[in-house]
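Here is what each chain is made of, one letter per residue.
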Amino acid sequence: MDAHNPIVIRASREADVEPMLAIYRRHIRRGVEDGVADTGTPQPDDLKERRKNLLSSKNPKNRKLPHLVATLQGEVVGYAYVVLFRKRPAYRFTVKHSVYVHHDHLGRGIGRLLMQALIDASAAAGYRQMIGYIDAENAASLSLHERFGFARVGLLPGVAYRYGKWSDSVMVQRSLGAGATLPPAAEGGTAAR
């Protein structure tokens, strides 16, 4: 990273939606043959609505779900966010995360900065566990997660078809804050203070 042009991590804004979608679309289309429908890819309005829901007080216990961007000289070069792992009340302390870095900026430490900020923000919001799914051949992402204390907790064989072959996904998990060592009530009644 260049000391004269530092990477800035901040909460996402509505103006960031188009660059985030461009990053996302490139990542999800990699290795998928032409002609395969792109159903399920969020459109700008979908992402705007998702951001609004994540950043609003509609979440359990009014906890906000972090949604961050990394910028370089004002340009969005990556983003990261969490969603609830499951919507049922018992899972309210567990989040699933995603981190995406622009393809022209891979290997510059942006993923590391986003991951640290996402972990810190999620722990501060009172979440206790963070889960992720990573393509089993994505050595850089697996290594990044290991450096941040994620353990490999599952393998989902043959769940994706990319580059003309079936690929596996690795499920990773790490504790946040007190993790599973104390019940939420032991911290003052709720996870969010």
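Notes on the structure in this doc start here. Note that the coordinates shown come from a computational prediction; the quantities given were computed from them, not determined experimentally.

Calculation criteria
- Residues numbered from 1 in each chain as written.
- Predicted model: local features only at pLDDT ≥ 70, side-chain atom pairs only at ≥ 80, totals over all residues.
- Heavy atoms only, no water.
- Helix = DSSP H or I, 4+ residues; strand = E, 2+ residues; numbered from the N terminus.
- Buried < 20%, exposed > 50% of the residue type's maximum accessible area, 1.4 Å probe, protein only.
- Contact = heavy atoms within 4.5 Å.
- Areas by Shrake-Rupley, 256 points an atom, 1.4 Å probe, with all protein chains shown as cover.
- Phe/Tyr/Trp six-rings, centres within 6.5 Å; stacked < 30°, edge-to-face > 60°.
- Expected span 1.5 Å × (residues − 1).
- Arc of directions from axis to C-beta.
- Pairing = 2+ DSSP bridges.
- Right-handed = clockwise from strand over helix to strand, strands pointing away.

Comments concerning the overall build of the chain
Turning to step 1, where the next piece is worked out: When you go through the chain residue by residue, the secondary structure sums to four helices and seven strands.
Turning to step 2, where the next piece is worked out: Starting at the N terminus and ending at the C terminus, the chain contains elements arranged as β-α-α-β-β-β-α-β-α-β-β.
Turning to step 3, where the next piece is worked out: The buried share among the 193 residues of the chain stands at 39%.
Turning to step 4, where the next piece is worked out: For the chain, the proportion of contacts with a sequence separation of at least 24, taken over those separated by at least 6, is 62%.
Turning to step 5, where the next piece is worked out: Roughly 10,700 Å² of accessible area belongs to the chain as shown, and the carbon and sulfur atoms make up 52% of that amount.

Considering the packing of aromatic side chains
Turning to step 1, where the next piece is worked out: On inspection of all chains with the given rule, the structure shows five aromatic pairs.
Turning to step 2, where the next piece is worked out: Ring centres of Tyr161 and Trp166 lie 4.9 Å apart, and the angle between their planes is 65°; this geometry places the pair in the edge-to-face category.
Turning to step 3, where the next piece is worked out: According to the relative accessible area criterion, Tyr161 is partly exposed, its value standing at 37%.
Turning to step 4, where the next piece is worked out: On the accessibility criterion, Trp166 (58% relative accessible area) is exposed.
Turning to step 5, where the next piece is worked out: Among the aromatic residues, those joined into a ring-pair cluster are Tyr24, Tyr79, Tyr81 and Tyr100.

Some thoughts on helix 1 (residues 17-29)
Turning to step 1, where the next piece is worked out: Along its 13 residues, helix 1 runs 18 Å from first to last C-alpha, staying within 8% of the 18 Å computed at 1.5 Å per residue.
Turning to step 2, where the next piece is worked out: Within helix 1, the full set of buried residues consists of Val17, Met20, Leu21, Ile23 and Tyr24. Buried residues of helix 1 fall within an arc of 160° about the axis and therefore sit on the same side.

Considerations on the pairing of strand 5 (residues 129-135)
Turning to step 1, where the next piece is worked out: The buried fraction of strand 5 amounts to six of the seven residues, a majority that puts the element mostly inside the structure.
Turning to step 2, where the next piece is worked out: In terms of strand pairing, strand 4 (residues 94-101) meets strand 5 through three bridges, oriented parallel. Considered in strand 5, the bridge of Lys96 is made with Ile131.
Turning to step 3, where the next piece is worked out: Regarding topology, helix 3 (residues 110-124) serves as the crossover connection from strand 4 to the parallel strand 5, and that connection is right-handed.
Turning to step 4, where the next piece is worked out: Here strand 5 pairs with strand 7 (residues 165-175) via seven bridges, running antiparallel. Its bridge partner lying in strand 7, Ile131 is registered against Gln173.

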